[in-house]
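The primary structure of each chain is shown beneath.
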Amino acid sequence: MKTIVILALLPFVSLSALADKFEGLALSPPMGWNSWNTFGCDIDEGLIKTIADKMVASGMRDAGYQYVNIDDCWHGERDENGFIQPDKTRFPSGIKALADYVHNKGLKLGIYSDAGDKTCGGRPGSNGHEYQDAIQYARWGIDYLKYDWCNTENLSAPGAYRTMRDALAAAGRPVVLSICEWGDNKPWLWGKEMGHLWRTTGDIINCWDCEVDHGSWSSWGILRILDMQQGLRQYAGPDHWNDPDMMEVGNGMSEHEDRAHFSIWAMLAAPLIAGNDLRSMSKSTQKILTHSEVIAVNQDALGVQAFKYKTQNDVEIWFKPLQDKQWAMMILNRGDKKAGVSFDWRNENVVDPDFPGNGQFYTAGFANSRYKIFDLWANKSAGTTKSSLRVSVEPHAVKLYRLEKITSEIH
């Protein structure tokens, strides 16, 4: 019966698109909002509409945030033909009407499913219904799919995500595929062919440096997740991104920690998916999330993830190659005390260890080139690399700079 139904719906299917992900949908890291970090299963269509309104009113849409992503627990039951339906109490108008509302705001709608029989929240998963679910998402006008990995015993992760990739392609509507299998099966080795981003860790939690043990799994703080990115940068780039999970900016950490968190995600070329309650967002949180210069570091067209250059006690210095021979530099104070930092440009040999540019590895060449320094969070010039940089960094905080080359061959 189900086969007959699917064949009858072939007008919805583009057979020529089979076995390919939709290219070019995430040439820069996706930006948006997701319901899970703040609301969990407590979601409905009224909330999603309000969030879309707030994304416009807060300036987030104009800053580059596109996706309003509904996470787990939107599901109702499957109909008599096996097609998934939304929870009629929570989403009485249906997902198509909600997608139309979000699209009319100049935004895109994302949705959630799971490769297993059930989602992490116990709702119907997509296992065995991938092509039907993809057809349904296309009917509704879905733009982004977060595809989770609960209840997947005896499944192959590459195989399961390949099946959903092929199903989305067959349905014919371009959809960003977010691979959410927590890094357990090293998706950086195979995810590029399947989707547009892949989780590299377990779930994030709103703390600076902690592990919260849930028994069979853990949630991780900002620094723990940062450390888990070691060795992964060479696998990421335009249209295929490492994903250290949604952000916790505005969810209870200090302003210094939120600013550092946002800076780290920008330097990592990570998807910028906010997870706070936009309805009660503070002005400071709004300024962090919409800071155009920091977002520009994240969205830079080169798509090169930052690397850690040097560690001095609790202080780390990171560099990120940018287009037009520019660089971003982050000084991260992981510790609990204020740290003084001195950086003598002419004595530092900053070379990207993984990525070549125009046949050669990206090289700053501070000994022979001079750069203007712009302090992004202070929104002011910090001089040039003619003189050593000497700064004080607050605990759990960062300094973030853009370096613009102005002269070469200094003698």
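Our structure's up above, just so we're on the same page.
The rules behind these values
Residues numbered from 1 in each chain as written. Predicted model: local features only at pLDDT ≥ 70, side-chain atom pairs only at ≥ 80, totals over all residues. Heavy atoms only, no water. Axes fitted to C-alpha atoms, helices over the stretch in contact; angles between N-to-C directions. Helix = DSSP H or I, 4+ residues; strand = E, 2+ residues; numbered from the N terminus. Parallel < 35°, antiparallel > 145°, perpendicular 65-115°, else oblique. Contact = heavy atoms within 4.5 Å. Nonpolar A, V, L, I, M, F, W, Y, C, P; charged D, E, K, R; others polar. Disulfide = S-S within 2.5 Å. Buried < 20%, exposed > 50% of the residue type's maximum accessible area, 1.4 Å probe, protein only. Pairing = 2+ DSSP bridges. Salt bridge = Lys/Arg side-chain N within 4 Å of Asp/Glu carboxyl O. Phe/Tyr/Trp six-rings, centres within 6.5 Å; stacked < 30°, edge-to-face > 60°. Expected span 1.5 Å × (residues − 1).

## Some thoughts on the packing of helix α3 (residues 45–57) against helix α5 (residues 95–104)
α5 packs onto α3 with a crossing angle of 10° between their chain directions and a minimal axis gap of 9 Å. One way to sum up the angle between α3 and α5 is to call them roughly parallel. Residue-level inspection shows E45, I48, K49, A52 and D53 of α3 in contact with α5, the latter providing L98, Y101 and V102. Residues belonging to the contact of α3 with α5 are distributed by class as follows: five nonpolar, no polar and three charged.

## Concerning the state of the cysteines
Within the structure shown, the criterion is met by three disulfides. Between C41 and C73 runs a disulfide, and the two sulfur atoms are separated by 1.8 Å. In this pair, C41 is assigned in the loop between α2 (36–39) and α3 and C73 in the loop between β2 (67–69) and β3 (75–78), connecting sequence segments 32 residues apart. We classify C41 as partly exposed; its relative accessible area is 24%. Here C120 pairs with C150 through a disulfide, and the sulfurs are 2.0 Å apart. Judged by the sign of its S-S torsion, about 95°, the cystine formed by C120 and C150 is right-handed. Placement of the pair is C120 in the loop between β5 (108–114) and α6 (130–140) and C150 in the loop between β6 (144–148) and α7 (157–171), with a sequence separation of 30 residues. Accessibility expressed as a relative area gives 17% for C150, which makes it buried.

## What to know about the pairing of strand β16 (residues 339–343)
Here β16 shows a clear split, with A339, V341 and F343 buried on one side and none of G340 and S342 buried on the other. As judged from the five bridges shared by β16 and strand β21 (residues 389–393), these two strands associate in the antiparallel manner. From the neighbouring strand, S342 faces β21, where its bridge partner is R390.

## Description of the environment of T50
Looking at the element boundaries, T50 is found in helix α3. Separated by 52 residues in the primary sequence, T50 and V102 place their C-alpha atoms 9.9 Å from one another.

## Details of the sheet that holds strand β15 (residues 327–333)
On the basis of which strands lie adjacent, the open sheet formed by six strands has the order β13-β14-β15-β22-β19-β20 and antiparallel pairing. The open sheet has two edge strands, β13 (307–312) and β20 (380–384), and neither has a second partner. Between one strand and the next, the sheet's axes are offset by a mean angle of 25°, whatever the strand orientation. Pairing analysis gives seven bridges linking strand β14 (residues 315–321) to β15, with the strands arranged antiparallel. Following the sheet pairing, K320 is matched in β15 by A328. Sitting on the sheet, helix α10 (residues 255–267) touches β14, β15 and β22 (397–408), and the angle it makes with β22 is about 45°.

## Overview of the pattern of salt bridges
Taken as a whole and judged by the stated rule, the model has 20 salt bridges. A salt bridge links D352 to R233; the shortest N-O distance between them is 2.8 Å. Here D352 is found in strand β17 (residues 351–357), whereas its partner R233 is found in the loop between α9 (222–227) and β11 (241–243), with 119 residues between them in sequence. For the pair D352 and R233, one class covers both residues: buried. The salt bridge partner of E293 is R402, with a shortest N-O separation of 3.9 Å. With a gap of 109 residues between them, E293 in helix α12 (residues 292–298) and R402 in strand β22 connect regions that are remote in the sequence. Overall, the relative accessible area of 15% leaves R402 in the buried class. Residues joined in a network through salt bridges with shared partners are D227, K308, E316 and R334.

## Observations concerning unusual backbone geometry
Unusually for a residue other than glycine, C73 sits at a positive phi of about 85°. In this structure C73 comes out as buried when scored by relative accessible area, which is 0%. For W182, which is not glycine, the phi torsion reads 70° and is therefore positive. Its place among the elements puts W182 in the loop between β7 (176–179) and α8 (191–194). When its relative accessible area of 23% is taken as the criterion, W182 is described as partly exposed.

## Let's talk about the packing of aromatic side chains
The geometry of an aromatic ring pair is captured by the separation of the ring centres together with the interplanar angle, meaning the angle of the planes. Taken as a whole and judged by the stated rule, the model has 16 aromatic pairs. On the basis of an interplanar angle of 85° and a centroid distance of 5.6 Å, the ring pair of Y309 and F319 is categorised as edge-to-face. Note that Y309 is positioned in strand β13 and F319 in strand β14, a separation of ten residues in sequence. The class for F319 is buried, based on a relative accessible area of 0%. With centroids separated by 4.9 Å and ring planes inclined at 65°, the aromatic side chains of W345 and F366 adopt a geometry described as edge-to-face. Taken together, the residues W345 in the loop between β16 and β17 and F366 in the loop between β18 (360–363) and β19 (369–375) connect sequence positions 21 residues apart.

## Some remarks on the environment of G195
Structurally, G195 is set in the loop between α8 and β8 (197–199). Apart from residues no more than four positions distant in its own chain, G195 is found in contact with K21, L177, I179 and D239.

## Things to note about α7
An ideal rise of 1.5 Å per residue puts 21 Å on 15 residues; α7 measures up with 21 Å between its terminal C-alpha atoms. The element α7 is extensively covered by neighbouring structure, given that eleven of its 15 residues are classed as buried. Three or more residues of α7 are buried, namely A157, A160, Y161, M164, R165, D166, A167, L168, A169, A170 and A171. Here the buried face of α7 lies against α6, β6, β7 and α8. Taken from the residues just after α7, G172 is the one with a positive phi, measuring 90°.

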